Amino acid sequence: MSREISSDGFREVLHSLRVWDSPLPGFDVGDAPEEPLALFREWFTHAAKAGQPEPHTMSLATVDAEGRPDVRTLMLHDADERGWHFASHATSAKGRQLAGQPAAALGFYWPAVGRQVRVRGPVTPCGPEESRADLAVRSRGALASALTGRQSEVLGSAQELAEASAAAWERAAAEPDAPAPTWTAYVLEADEVEFFQGDAMRRHVRLRYRRAPGGGWIRELLWP
């Protein structure tokens, strides 16, 4: 049985926490590339090599039909000239929200190096062939999860999930090419990308890239 934590106890723990107690990398914006993809790949690789756990996890923010924001954590599948790639079921909450409002924001936080990256822009679903190819290169567990389906639906019991999952794992082993019709790959084409470098003195460096109307990118420093 869990022990109830009092408000004072919670605040004591909360206020005792510190960030960036270790040395942080610098960020010379004068050396930043003309476009954000190259810098994102550089920062991502640096975070991974610095020991940041799961640097490919990110927050995805969408809005529902009533305009209420929604956010969840998922994995980055790629970042290329088309944009930032991820995947989900088209029938999930995020899939339905993206169908109704095809725009989103991504948030990466790498505390090991005191860095954040924020990405905003329109989202486009990929076709069935590309979506299936996205699933094909992932693990058997990913396929089993996709075959289990029903993401975001109300679950009757843990036993119901266990039975559906076991059947999906069995099918994934027997049919590594089994179709998962609702599984959809998405691409966010960034029109704004911000890079944040934390500083122990709170003189954080923020560099924002915005797409220029005529093409290319505008780079701007922001107050922290």
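The present account deals with the structure reproduced in this document. These numbers come from a predicted model, not from an experiment.

Our focus in this paragraph is unusual backbone geometry. Phi at glutamate 54 is positive, roughly 45°, even though this residue is not glycine. For serine 152, which is not glycine, the phi torsion reads 80° and is therefore positive. Mapping serine 152 onto the fold places it in the loop between α5 (140–148) and α6 (158–174). Looking at serine 152, the relative accessible area reads 49%, which means it is partly exposed.

The next subject is a nonpolar patch on the surface. The grouping of Ile5, Phe10, Val13, Leu14 and Leu17 at the surface amounts to a nonpolar patch, some 510 Å² of accessible area in total. Here leucine 17 shows up in the loop between α1 (7–16) and α2 (36–49). Assessed through its relative accessible area of 55%, leucine 17 is described here as exposed.

Grouped together as the largest cluster of nonpolar side chains are 30 residues, with contacts concentrated most on Phe40, Trp84, Phe108, Val117, Val119 and Phe195. Within the residue set of this core, elements represented by two or more residues are α2, β1 (57–63), β4 (83–89), β5 (103–110), β6 (115–125), β7 (183–188), β8 (192–197) and β9 (205–211). Sorting elements by how many residues they give to this core places α2 first, with five residues. In this view, valine 119 contacts Trp84, Ala104, Ala105, Leu106, Phe108, Leu188, Ala190, Glu192 and Val193; residues no more than four positions away in its chain are not counted. The next biggest cluster of nonpolar side chains, apart from the first, holds twelve residues, and it includes Ala87, Ala142, Leu143 and Ala144.

Turning our attention to the pattern of salt bridges. Under the criterion given, the structure shown has 14 salt bridges. Residue arginine 150 is joined to glutamate 160 by a salt bridge in which the shortest nitrogen-to-oxygen separation is 3.4 Å. Separated by ten residues along the polypeptide, arginine 150 in the loop between α5 and α6 and glutamate 160 in helix α6 bring together distant segments of the chain. Glutamate 160 sits in the partly exposed class, given a relative accessible area of 32%. Between glutamate 220 and arginine 210 there is a salt bridge, with the nearest N and O atoms lying 2.6 Å from each other. Of the two residues, glutamate 220 sits in strand β10 (residues 217–222) while arginine 210 sits in strand β9, which places them ten residues apart along the sequence. The partly exposed category is assigned to arginine 210, whose relative accessible area is 28%. Connected through shared salt-bridge partners, Asp64, Glu66 and Arg68 make up one network.

Take arginine 72: it is sitting in strand β2 (residues 69–75). Within polar-contact distance, the side chain of arginine 72 engages the side chain of glutamine 97 at 3.2 Å. Once residues within four sequence positions are removed from consideration, arginine 72 is found in contact with Met58, Ser59, Leu60, Ala61, Thr62, Ala93, Lys94 and Gln97.

Cut-offs applied
Residues numbered from 1 in each chain as written. Predicted model: local features only at pLDDT ≥ 70, side-chain atom pairs only at ≥ 80, totals over all residues. Heavy atoms only, no water. Helix = DSSP H or I, 4+ residues; strand = E, 2+ residues; numbered from the N terminus. Buried < 20%, exposed > 50% of the residue type's maximum accessible area, 1.4 Å probe, protein only. Patch = residues over 30% accessible without salt bridge, like charges linked within 9 Å, V, L, I, M, F, W, Y side chains within 5 Å. Areas by Shrake-Rupley, 256 points an atom, 1.4 Å probe, with all protein chains shown as cover. Salt bridge = Lys/Arg side-chain N within 4 Å of Asp/Glu carboxyl O. Core = buried A, V, L, I, M, F, W, Y, C linked by side-chain atoms within 4.5 Å. Contact = heavy atoms within 4.5 Å. Polar contact = N/O pair within 3.5 Å; in protein donor to acceptor, adjacent residues only side chain to side chain.

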